[in-house]
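Structure assessment
One letter stands for each residue in the lines below.
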Amino acid sequence: MMMEHIHLVPSDDEDLYSGYNEYPSALNTNMFKDDDIIQEALRSSMGRRPPISMKPTTASRLGTSTGFRGSTAMRPYTGSLDGVNRPMTAVRGAGYTSNRVGSGSSQMFDPLNQAASGPAPPLETKKEDTPEEKIKKAERRIMELIEESCFANNSGDMRLALERAKEASTKERSLIRIQDQAGLSETHNLDLTFSVLFNLANQYAANEMFSEALNTFQVITKNRTFSNANRLKLNMGNIYLKLSDYDKAVKMYRMALDQVPTTHKELRIKIMHNIGVLFVKMSQFTEACSSFEYIMQEKPDFHTGLDVIVCYYALGEKEKMKRGFQALVEVPLNIDDEDKYSATSDDPALNLALEAIRNDSLRQLERQMKQNAERSILTAARLIAPVIDDTFSAGYTWCLETLKASSYAFLAAELEINKAVMFLKQKEINQAVDTLKAFEKKTESKIVSSAATNLAFIYFLQGDIEQAKKFSESSRTADGYNAAAFVNLGCCSLAAGDLEKAKDLFLCALENDASCVEALYNLGLANKQLGLHEDALDCFLKLQAIVRHQPEALYQLGHLYQLLGDVDQAVEWFLQLLGIVPTDPGILQKLGEIFDSDNDKQQAYHYHFESYRHYPSNFEVIDWLGSYFIELQVAERAISFFEKASVIQPDEMKWKLLIASCHRRAGNYQQALATYKDIHKQAPENIECLKFLVRLCSDMGLKEAADYGLELKKAEKAKEMRNRVGSGRPGSMRSIGSAQSSRAGSGSGKIVLGSNPGSANVQDFPRGSTPIVEERYSRKSGRELDASYSDPLGPAVERPRTSAGPRQIADDDFGDDELGDDLLPE
């Protein structure tokens, strides 16, 4: 087998290249002379070529061409039949020739023999567009303008959208004229007209040009050639609703409802809901109930269920409220269970996919639907519980039993916390505490933490710092991410004087919830008390960015700038505060003091007088105003202010002495003498009064001067004896008086609960925030005033705020359920 693939070397006699010169006979050219067919072809016109005359190029004529040496070298010819030489590269059959034929005339390239017909006619000019083409172009341009208008509306440029809509309407009218002139009116596109008018009406409505929008919609609805045009009555109803013309809006909605077929169930339900809302706005709750009840029968939802309960509440129908609440808790939620997407598999890829599903947009929508459902149910329960039974406690009990029997039993705990809040509003603190303490045995960590937070808040307000600290620790243990628990712990530390620890706890609260305004406010107070004014300023500026126009934050910013010496900034913040609480006498007094220190007496008088006008019992303001007029040497105008103070404090001789002094400065000596005599009758031992009596009587030449002089000597001796006795033994009147004054001064820093005019309260914070202790920064109540009245904008401002439970227990729609509102009498 191996020998088959072995080739032996040929011998020397054999030719290695033999056979290569062999080719088929068809390719042999030696027989062309004897071939008649080929010879006949050569003798035909295809074989004839004109002779080519040698015409040297310019370069050859000048002798500069390479290879041209004056010889007659030319291109080779392929033949010379019939006296015509044909170049090798020419194609005679195509009509080409490089030789002149005849007497000097050049043969032009004319393969089709068209030279006999004369020159070619000129090009025809482009005909004008036909009417059909013009119409099509106009329609395309109108549609482009409509699209541009819609895009501009979507981007927020309403003015440009209206301009494009108007331009489209103008071109559409021009198109109709063109069609009429061309006799093509029957081919008009009605859909295009409808689109133009509908877009124009919408752009009018978007630009709040409601009259023009209504007129355009009426043009559409009155044209019977437009199918389903009456549905646009719904748009007209929306416009009438914006114009607060509720009767016409209801009429339009009902006309639109008549035109919607029964197969379009969703649209009919939405129109019915609009009609029900309009009846609520018109206080026609019976008709509104009819609309909402129809929706609850056809396709119930949480929003409509809450609306119908509100209508029953307005009508005072207790039984219907119960039935409405039962129907509300029976509405299906129709969302997947959260545990379905829990990562329980050992497959990392599957766990990643489940984690992605848990956070996608669809899951976020489902969470929002769940939150809306919970909000509607809890709001309805809080609304009807106090009125469906004899007592609100019994009403809450019925709502709790109904919830526990439904698929929303997990909301019962939050409703019980709300029940505790209602106990607090009713001043039944013990029952509120008992209700909250019942959650200590619950297993849900967030609910336990919420209840403990509320208990800590109550005990802090009652002054039981130890119990407040205990429940704050329990709240933090149950839920380590509860920012309110850290806030309450920080308040306890702040009350105990441990500022550094309080600061750390407030920072922990902000780490868990960066939007916790209570923690941010208290952190600013802690930094302020530590002397870190710059850090405190940063905290309150952040608070101002989160909670705009909060009076307490504005005051702290103004006070901090005042402490830092930036008077201009302080005045600016105080003026912003006055824009929110223009009748606050404390802020007006503060501004008066700032301008007084800046020697701007006119502005200082303005703000002091405004403070006096809103609160005429402030003795500091009265004293300043009286002194201001005395400095201006208009003492008679100061008398009215001192008389006011004398009425408030009739036993205080200081004000009557000032009145007598004003009479004396004004030259009314008889009135001054009478005033001093009244003071002497009320306080016979008043040395200052006796001195003025002696002086006035002496100046006026009265005999009573000697008698008053004797009384003055006796009073001075009695005073000297009292001073000797008081300095010789402890517990003297002086020490007692100093102790009383110190106690009176310490009262300015106490915590005051409840609300008073001119102060900010809990409701100033955004809805959903945790309840806080309000801070009095404006003034004291009337019964706290005494002779040693101090600056009302003093230490009482800097009180910490406590938190009372998580944000989900706040009421977003009905009332204010924050803990601490009117908790204790002042």
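Residues numbered from 1 in each chain as written. Predicted model: local features only at pLDDT ≥ 70, side-chain atom pairs only at ≥ 80, totals over all residues. Heavy atoms only, no water.

1. Overview of the overall build of the protein
On a plain count of helices and strands, the protein comes out with 34 helices and zero strands. The buried share of the protein, reckoned over its 826 residues, is 41%. Put simply, 55% of the contacts in the protein that link residues at least 6 apart link residues at least 24 apart. Surface accessibility of the protein: about 47100 Å² in total, with carbon and sulfur atoms responsible for 51%. (Helix = DSSP H or I, 4+ residues; strand = E, 2+ residues; numbered from the N terminus. Buried < 20%, exposed > 50% of the residue type's maximum accessible area, 1.4 Å probe, protein only. Contact = heavy atoms within 4.5 Å. Areas by Shrake-Rupley, 256 points an atom, 1.4 Å probe, with all protein chains shown as cover.)

2. Overview of the packing of helix α3 (residues 131–155) against helix α5 (residues 190–206)
Running from amino to carboxyl end, α3 crosses α5 at an angle of 25 degrees, the nearest separation of the two axes being 11 Å. Comparing their axes, α5 and α3 come out roughly parallel. Every pair of crossing elements has a handedness; the one defined by α3 and α5 is left-handed. Within the contact between the two elements, α3 uses E139, I142, M143, I146, S149, C150 and N153 and α5 uses L192, S195, V196, N199, Q203 and A206. Taken together, the residues of the contact of α3 with α5 break down into seven nonpolar, five polar and one charged. (Axes fitted to C-alpha atoms, helices over the stretch in contact; angles between N-to-C directions. Parallel < 35°, antiparallel > 145°, perpendicular 65-115°, else oblique. Left-handed = near helix turned anticlockwise from the far one by under 90°. Nonpolar A, V, L, I, M, F, W, Y, C, P; charged D, E, K, R; others polar.)

3. As for the packing of helix α20 (residues 483–495) against helix α21 (residues 499–512)
As a packed pair, α20 and α21 sit with axes 8 Å apart at the nearest point and diverge in direction by 170 degrees. Relative to α21, the element α20 lies roughly antiparallel. Of the residues in α21, those in contact with A483, F486, V487, L489, G490, C491, S493 and L494 of α20 are L499, K501, A502, L505, F506, C508, A509 and N512. Considered class by class, the residues forming the contact of α20 with α21 number 12 nonpolar, three polar and one charged.

4. So, the pattern of salt bridges
Per the counting criterion, the structure on display carries 15 salt bridges. Between K601 and D596 there is a salt bridge, with the nearest N and O atoms lying 2.5 Å from each other. With its nearest N and O atoms 3.8 Å apart, the salt bridge here joins D623 to K654. Placement of D623 in helix α28 (residues 619–631) and of K654 in helix α30 (residues 653–665) is noted, with a sequence separation of 31 residues between them. For D623, a relative accessible area of 27% gives the class partly exposed. (Salt bridge = Lys/Arg side-chain N within 4 Å of Asp/Glu carboxyl O.)

5. Some points on the environment of Q671
Summarising the element assignment, Q671 is placed in helix α31 (residues 669–682). Taking the C-alpha atoms as reference points, Q671 and I659, 12 residues apart in sequence, are found 9.7 Å from one another.

6. Digging into the confidence of the model for the protein
Taken over all residues, the pLDDT of the protein has a mean of 76, while the share at 70 or more is 72%. Mean pLDDT per element in the protein: helix α34 (residues 733–746) is the minimum at 37, and helix α11 (residues 302–315) is the maximum at 93. Here residues 1–9 is a poorly scored stretch, pLDDT under 50, and it has zero contacts once near neighbours within four places are set aside; other chains count. The model gives residues 805–826 a pLDDT under 50, and that stretch makes 69 contacts with residues more than four places away or in other chains. (pLDDT = per-residue confidence, 0-100.)

7. Thoughts on the environment of S640
Locating S640 in the fold gives a position in helix α29 (residues 635–648). Judged by relative accessible area, which is 42%, S640 ranks as partly exposed. In this structure, the C-alpha to C-alpha distance between S640 and I659, residues 19 residues apart in sequence, is 8.6 Å.

8. Some remarks on the packing of aromatic side chains
Tallying each qualifying case throughout the model produces 23 aromatic pairs. Plain terms: the ring middles of Y459 and F471 are 5.5 Å apart, the flat faces sit at 10 degrees to each other, and that makes the pair stacked. On the criterion of sequence distance, the pair formed by Y459 in helix α18 (residues 445–461) and F471 in helix α19 (residues 465–478) is long-range, its members being 12 residues apart. On the basis of relative accessibility, which here comes to 11%, the residue Y459 falls in the buried class. Between the aromatic rings of Y521 and F540, the centroid separation amounts to 5.5 Å while the plane-to-plane angle is 80 degrees, which identifies the pairing as edge-to-face. With Y521 in helix α22 (residues 517–529) and F540 in helix α23 (residues 533–546), this pair connects stretches of sequence that are 19 residues apart. For F540, a relative accessible area of 0% translates into the label buried. (Phe/Tyr/Trp six-rings, centres within 6.5 Å; stacked < 30°, edge-to-face > 60°.)

9. Things to note about α21
Count 3.6 residues to each turn of an α-helix, and residues three or four apart come out pointing the same way. With 14 residues, α21 ought to run about 20 Å at 1.5 Å a step, and its terminal C-alpha atoms sit 20 Å apart, in line with that. Within the sequence span of α21, burial applies to L499, A502, K503, L505, F506, A509 and L510. Projected down its long axis, α21 carries its buried residues within an arc of 165 degrees, all on one side. Buried-residue contacts for α21 involve α19, α20 and α22. (Expected span 1.5 Å × (residues − 1). Arc of directions from axis to C-beta.)

10. Digging into a negative patch on the surface
Where like charges cluster on the molecular surface, the negative patch consists of D566, D568, E572 and D598. If you trace the backbone, D598 turns up in the loop between α26 (585–597) and α27 (601–614). (Patch = residues over 30% accessible without salt bridge, like charges linked within 9 Å, V, L, I, M, F, W, Y side chains within 5 Å. Lys, Arg positive; Asp, Glu negative; His and termini not counted. Charge placed at Lys NZ, Arg CZ, Asp CG, Glu CD.)

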